Amino acid sequence: MKAGFWIAPDGSDDAMTVMPIGYDAEAEAKRSVIAFLATASGEQAVAECPRTAALLPQLADALQAQRADAPGRLFDITDYEEKERALIGQVLGEGEVSGVAVLPDGVTAQIREASMAGLWRVRFGDAEGRLTADYLEIASIPHVVERAATVTAERIAIGAEPEGAMNVMPMLAEIDARMRGREPGDPSHVINFSLLPVSEIDMEHLQQTLGNGPVQLISRGYGSAKITATGARNVWSVQFFNAMGTIILDTLEIGDTPAAACAADEDFHDSAERLREIHEAYFT
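Residues numbered from 1 in each chain as written. Predicted model: local features only at pLDDT ≥ 70, side-chain atom pairs only at ≥ 80, totals over all residues. Heavy atoms only, no water.

A. Quick peek at the overall build of the chain. From N to C terminus, the chain includes 8 helices and 10 strands. The 284 residues of the chain split such that 47% are buried. Sequence separation of at least 24 residues holds for 60% of the intrachain contacts in the chain that already meet a minimum separation of 6. (Helix = DSSP H or I, 4+ residues; strand = E, 2+ residues; numbered from the N terminus. Buried < 20%, exposed > 50% of the residue type's maximum accessible area, 1.4 Å probe, protein only. Contact = heavy atoms within 4.5 Å.)

Written out as structure tokens, the structure is:
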């Protein structure tokens with residue numbers, strides 16, 4: 001059985017599957033874009049990709065004005081030509097956070113943070129995997145993450161204590177009380193399994209009671225963090241790993257989207273400056 005709150009289906013040790021956004025369908029365009037960026041003058045870049053050239057300063061201005069607690073701002077690039085969308089992907093790069101959010105209608109949002117924190121690429125696909133929308137979003141966390149996370153149970157059903165349990169029933173009582181007493185904007189409450197005496201029976205019963213939710217995120221920095229929505233409203237599994245892939249901190253957070261996945265106020269200002277530098281380098 002896998003250590004920590006998240007347990008693979010049927011108790012296997014398979015890694016949690018997160019499908020970060022990729023550009024496989026645009027591979028040829030991506031190769032052409034790399035060559036284009038390496039050789040084109042600013043005038044050529046503007047002439048070939050005018051919408052991208054106009055978009056980057058708008059993104060920089062929006063980043064400069066953004067705050068972590070403010071609503072995000074969307075930029076729809078769905079109808080951009082494939083060459084321009086590939087160029088945007090190449091210019092923005094890939095940051096530390098990626099993941100998926102699944103909506104009740106079967107729509108899946110693939111999420112990828114740009115190399116500029118607080119700027120996200122969010123691509124929506126239908127149940128057949130066809131791309132239906134492609135957005136850039138400036139926000140602490142994409143709105144679709146918060147939207148998907150609300151499609152979960154408002155309360156948990158605490159059943160009978162399993163044989164051999166140690167601390168799962170007091171933990172469930174604490175989670176239920178925190179869920180019932182939580183007000184919007186309250187600081188997250190953290191339950192640290194790394195500091196508690198818990199058994200495999202405890203963790204299995206906890207996972208079965210809370211269930212799996214519709215959001216899975218990975219944050220890769222120094223080591224990595226795995227952030228998973230449970231089936232209970234505002235209850236998240238947050239696991240931190242070292243460079244060897246060993247869990248070094250295993251927690252549940254009752255609150256808003258965990259900070260490990262979110263951009264902070266200072267990130268937006270830094271990202272705005274970096275994006276302006278990129279625009280100046282390629283389009284002026």
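That covers the picture; the talk isn't over yet.
B. Structural detail: the packing of helix H6 (residues 168-181) against helix H7 (residues 200-210). Direction vectors running N to C along H6 and H7 enclose 30°, while the axes themselves pass 9 Å from each other. When you trace H6 past H7, the crossing you get is right-handed. Between H6 and H7, the residues in contact are Val168, Met169, Leu172 and Ile175 and Asp202, His205, Leu206, Thr209 and Leu210, respectively. (Axes fitted to C-alpha atoms, helices over the stretch in contact; angles between N-to-C directions. Left-handed = near helix turned anticlockwise from the far one by under 90°.)

C. Summary view of the packing of helix H3 (residues 50-65) against helix H4 (residues 82-92). Close contact between H3 and H4 brings their axes to 9 Å; oriented N to C, the two are set at 40°. Judged by the angle between their axes, H3 and H4 are oblique. Pair H3 / H4 crosses with right-handed handedness. Contacts between H3 and H4 involve Pro50, Arg51, Thr52, Leu55 and Leu56 from the first element and Glu84, Leu87, Ile88 and Val91 from the second. Residues that form the contact of H3 with H4 fall into these classes: 6 nonpolar, 1 polar and 2 charged. (Parallel < 35°, antiparallel > 145°, perpendicular 65-115°, else oblique. Nonpolar A, V, L, I, M, F, W, Y, C, P; charged D, E, K, R; others polar.)

D. Spotlight on the sheet that holds strand E10 (residues 247-254). Pairing within the open sheet is antiparallel, and its 10 strands lie in the order E1-E5-E4-E3-E2-E7-E8-E9-E10-E6. The sheet is open, and its two edges are formed by strand E1 (73-76) and strand E6 (189-192), each paired on a single side. This sheet shows a mean twist of 20° between the axes of neighbouring strands, independent of strand direction. The strands touched by H7 within the sheet are strand E7 (212-221), strand E8 (223-230), strand E9 (235-241) and E10, with E10 carrying the most contacts at an inclination of about 40°. (Pairing = 2+ DSSP bridges.)

E. Main features of helix H8 (residues 265-283). Its 19 residues place the ends of H8 27 Å apart at the C-alpha level, agreeing with the 27 Å of an ideal helix rising 1.5 Å per residue. Looking only at H8, the buried set comprises Phe268, Ser271, Ala272, Leu275, Ile278, His279 and Phe283. Each buried residue of H8 sits inside an arc of 130° when the element is viewed along its axis, so together they form one side. Pointing more than 90 degrees away from the buried face of H8 are the exposed residues Glu266, Glu277, Glu280 and Ala281. (Expected span 1.5 Å × (residues − 1). Arc of directions from axis to C-beta.)

F. Representation of the nonpolar core within the structure. Ranked by size, the top nonpolar core spans 26 residues in total, and within it Leu55, Leu59, Leu92, Leu119, Leu136, Ile138 and Leu275 carry the most contacts. Among the elements of the structure, H3, H4, strand E5 (131-138) and H8 are those that each provide at least two residues to this core. Residue contributions to this core peak at 7 residues, all from H3. Every residue in contact with leucine 275, bar those within four places of it in the chain, is listed here: Leu56, Leu59, Ala60, Leu63, Leu92, Met116 and Leu119. Membership of the second largest hydrophobic core comes to 23 residues, among which are Leu103, Val107, Ile141 and Ala148. (Core = buried A, V, L, I, M, F, W, Y, C linked by side-chain atoms within 4.5 Å.)

G. Spatial organisation of the packing of aromatic side chains. Following the criterion strictly, the structure yields 1 aromatic pair and no others. On the numbers, 5.9 Å between centres and 90° between planes, the contact of phenylalanine 124 with tyrosine 135 is edge-to-face. Separated by 11 residues along the polypeptide, phenylalanine 124 in strand E4 (residues 119-125) and tyrosine 135 in strand E5 bring together distant segments of the chain. Given the relative accessible area of 23%, tyrosine 135 is considered partly exposed. (Phe/Tyr/Trp six-rings, centres within 6.5 Å; stacked < 30°, edge-to-face > 60°.)

H. A look at the pairing of E5. In the sheet, E1 pairs with E5 via 4 bridges, with the strands oriented antiparallel. Across the sheet, residue leucine 74 finds its bridge partner in E5, namely glutamate 137. Two elements, E4 and E5, share 7 bridges in a ladder whose sense is antiparallel. Bridge assignment links arginine 121 to a residue of E5, and that residue is leucine 136. As consecutive antiparallel partners, E4 and E5 are separated by 5 residues, and within that stretch glycine 129 has a phi angle of approximately 85°, a positive value.

I. Just the environment of isoleucine 111, in detail. Mapped onto the elements of the fold, isoleucine 111 is located in strand E3 (residues 108-113). Among the residues examined, isoleucine 111 registers a relative accessible area of 0% and is labelled buried. As a C-alpha pair, isoleucine 111 and phenylalanine 124 span 13 residues in sequence and 8.9 Å in three-dimensional space.

J. Spatial organisation of a negative patch on the surface. A cluster of acidic residues, Asp69, Asp265, Glu266, Asp270, Glu273, Glu277 and Glu280, forms a negative patch at the surface. Inspection of the secondary structure puts aspartate 265 in helix H8. (Patch = residues over 30% accessible without salt bridge, like charges linked within 9 Å, V, L, I, M, F, W, Y side chains within 5 Å. Areas by Shrake-Rupley, 256 points an atom, 1.4 Å probe, with all protein chains shown as cover. Salt bridge = Lys/Arg side-chain N within 4 Å of Asp/Glu carboxyl O. Lys, Arg positive; Asp, Glu negative; His and termini not counted. Charge placed at Lys NZ, Arg CZ, Asp CG, Glu CD.)

K. Examining unusual backbone geometry more closely. Unusually for a residue other than glycine, asparagine 234 sits at a positive phi of about 65°. Turning to its location among the elements, asparagine 234 is positioned in the loop between E8 and E9. Of the residues examined, asparagine 234 reaches a relative accessible area of 27% and is grouped as partly exposed.

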